[in-house]
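Summary of structural features
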Amino acid sequence: MSTPILQVQDLQVTYYTDAGRAKALDNVSFTLNSGEKMGLVGESGSGKSTMALAMMRMIKPPGRIEGGKVIVDGTDLVTLSDGEMLKARLSKIAYIPQGAMNSLNPVMRIGAQMTDAIRAHDSSISNSAMTERCMQSLESVDLKREVFKMYPHELSGGMKQRVCIAIGILLKPKVIIADEPTSALDVVTQRQVMETINRIQKDLGCAVILIGHDMGLMAQSMDKVAVMYAGKLVEISTVRQMFTHPFHPYGQALIHSLPNLDNKGVLQGIPGLAPSLLRIPSGCAFHPRCSKATEKCMVVTPRLQQQPDGRFVSCLLYEEDKVTA
Ligand code: SF4
């Protein structure tokens, strides 16, 4: 079996705030193979964006990575120096941020922002070679070469998002993390941006992690879905497994809350609120909202374990004989 291009092992992130210690990522582990696309879903505050930032080594104080590994193509990014990590960004792992409109510098031409990204990795490259590489990258996301000379305010929201993708792929990364890349766009532009991401993924053969709330988008374009709750992964399964037969009660609630012909499009919310990361419930963090919770769920913390059908689930219902308190 081939070695996964991405191995995240026991990744832990904590924020030290005046209100206390918030465990934003609690021993998160998963793997992705080259060419695999994984959707990362969960309510706001579940830790999805923290996971992306931790993988990019972009967690800012008062947060810090407290343990674990992020191995991309054999290199553990957590142990790299800041200078080495600067080089690993874009060449090994790239991040397409939420709200592209805000991530581009409004007073710099697109070309200058792209060439800055390349020069940070390779100061010896000639200007003409660098320009050509940027132009090719723009074309590969269906933008015209003229965009190179334009300012962000001259572009539509969809075009700005494409520019962010073009910057992300300049150095052919092995892993691309896209954080809600279509959230601020209209439906037609959303579809076009997703088609671009899918095509880029095929061209580069890289792995993609798509962070989002839109389960429909996940079902259409991802291979796997990982569900986060209170800083932990609670289920990782194929798209088919997730949408036809989710195991984890939170995954089940997410799927049942989608509009369909049976519920006539009436959304059924998940009862209760996601917990504050400052006050995560004991045992299984989902127990106050879980319709299947037992007394044991209040005191025993389930572990993410592989099931006979290959998926991973963290729920006591699926680890009857293996539980340790
Ligand atoms: Fe529900 Fe218990 Fe499973 Fe948690 S461990 S999801 S509370 S059944």
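Residues numbered from 1 in each chain as written. Predicted model: local features only at pLDDT ≥ 70, side-chain atom pairs only at ≥ 80, totals over all residues. Heavy atoms only, no water.

**Focus on the environment of Thr3**
Put simply, the rule reads: In DSSP terms, a helix is any run of H or I states spanning at least four residues, a strand is any run of E spanning at least two, and both are numbered starting from the N terminus.
Secondary-structure assignment places Thr3 in the segment before strand 1 (6-17). Linking Thr3 and Val13, residues 10 residues apart in sequence, is a C-alpha distance of 26 Å.

**Points about the pattern of salt bridges**
Operational definition: Criterion for a salt bridge: a side-chain nitrogen of Lys or Arg within 4 Å of a carboxyl oxygen of Asp or Glu.
Scanning the model with the defined rule gives 15 salt bridges in all. Linking Asp142 and Arg162 is a salt bridge whose minimum nitrogen-to-oxygen distance equals 3.8 Å. Of this pair, Asp142 sits in the loop between helix 5 (127-140) and helix 6 (157-168) while Arg162 sits in helix 6, and the two are 20 residues apart along the sequence. Arg311 is the salt-bridge partner of Glu235, the closest N and O atoms lying 2.8 Å from each other.

**Some remarks on the layout of surface pockets**
Leftover empty space is mapped by rolling, across the atoms, a probe with the size of a water molecule. Keep this limit in mind: Only protein atoms enter the 1 Å grid used here. Points where a 1.4 Å probe fits but cannot escape make up a cavity, open sets with protein on both sides within 12 Å along at least five of seven lines make up a pocket, and a residue lines them when an atom lies within 4 Å of a point. Grid points are joined across faces, edges and corners, and a volume is the space filled by probe spheres set on the points. When residue character is reported, Ala, Val, Leu, Ile, Met, Phe, Trp, Tyr, Cys and Pro are called nonpolar, Asp, Glu, Lys and Arg charged, and the others, Gly included, polar.
Space inside the largest pocket adds up to approximately 600 Å³. Around the largest pocket, the lining is made up of 19 residues, and of these Leu90, Tyr95, Ser103, Ala117 and Ile167 lie nearest the centre. By residue class, the composition of the lining of the largest pocket is 12 nonpolar, 5 polar and 2 charged.

**Considerations on the packing of helix 4 (residues 110-119) against helix 5**
Rules: Orientation is described by axes fitted as lines to C-alpha atoms, over the contacting stretch for helices, and by angles from 0 to 180 degrees between their N-to-C directions. For any pair of crossing helices, the crossing counts as left-handed if the nearer helix is rotated counterclockwise from the farther one by less than a right angle, and right-handed if it is rotated clockwise. Two residues form a contact once any of their heavy atoms are found within 4.5 Å.
As a packed pair, helix 4 and helix 5 sit with axes 10 Å apart at the nearest point and diverge in direction by 115 degrees. Pair helix 4 / helix 5 crosses with right-handed handedness. When helix 4 is examined against helix 5, the residues Met114, Thr115, Ile118 and Arg119 are found in contact with a partner set consisting of Asn127, Met130, Arg133, Cys134, Ser137 and Leu138. By residue class, the composition of the contact of helix 4 with helix 5 is 5 nonpolar, 3 polar and 2 charged.

**Details of the pairing of strand 8 (residues 207-211)**
Worth spelling out the cut-off: Burial status follows relative accessibility: with a 1.4 Å probe on protein chains alone, a residue under 20% of its type maximum counts as buried, one over 50% as exposed, and anything between as partly exposed. DSSP calls a pair of strands paired once it identifies at least 2 bridges connecting them. The handedness rule is simple: strands pointing away from the viewer, and a clockwise path from the first strand over the helix to the second, make the crossover right-handed.
Counting buried positions along strand 8 gives 5 out of 5 residues, so the element sits mostly inside the fold. Of the two faces of strand 8, the one carrying Ala207, Ile209 and Ile211 and the one carrying Val208 and Leu210 are both buried. One ladder, built from 4 bridges, connects strand 3 (residues 37-41) with strand 8; its direction is parallel. When the bridges of strand 8 are listed, Lys37 appears paired with Val208. Bridge count for strand 7 (residues 175-179) against strand 8 is 5 bridges, and the pairing is parallel. Considered in strand 8, the bridge of Ile177 is made with Ile209. On the question of chirality, the crossover connecting strand 7 to the parallel strand 8 by way of helix 7 (residues 187-204) is right-handed.

**Some points on the nonpolar core**
The test is simple: By nonpolar core we mean a set of buried residues, namely Ala, Val, Leu, Ile, Met, Phe, Trp, Tyr and Cys, connected to one another through side-chain atoms within 4.5 Å.
The biggest cluster of nonpolar side chains holds 56 residues, and the ones touching the most others in it are Met114, Leu138, Val163, Leu170, Val227 and Tyr250. It is helix 6 that provides the largest number of residues to this core, a total of 5 residues. Setting aside residues up to four positions removed in sequence, Leu138 forms contacts with Met114, Leu143, Lys144, Arg145, Val147, Phe148, Val163 and Ala166. By size, the runner-up hydrophobic cluster in this structure holds 37 residues, among which are Leu11, Ala54, Ile59 and Ala207.

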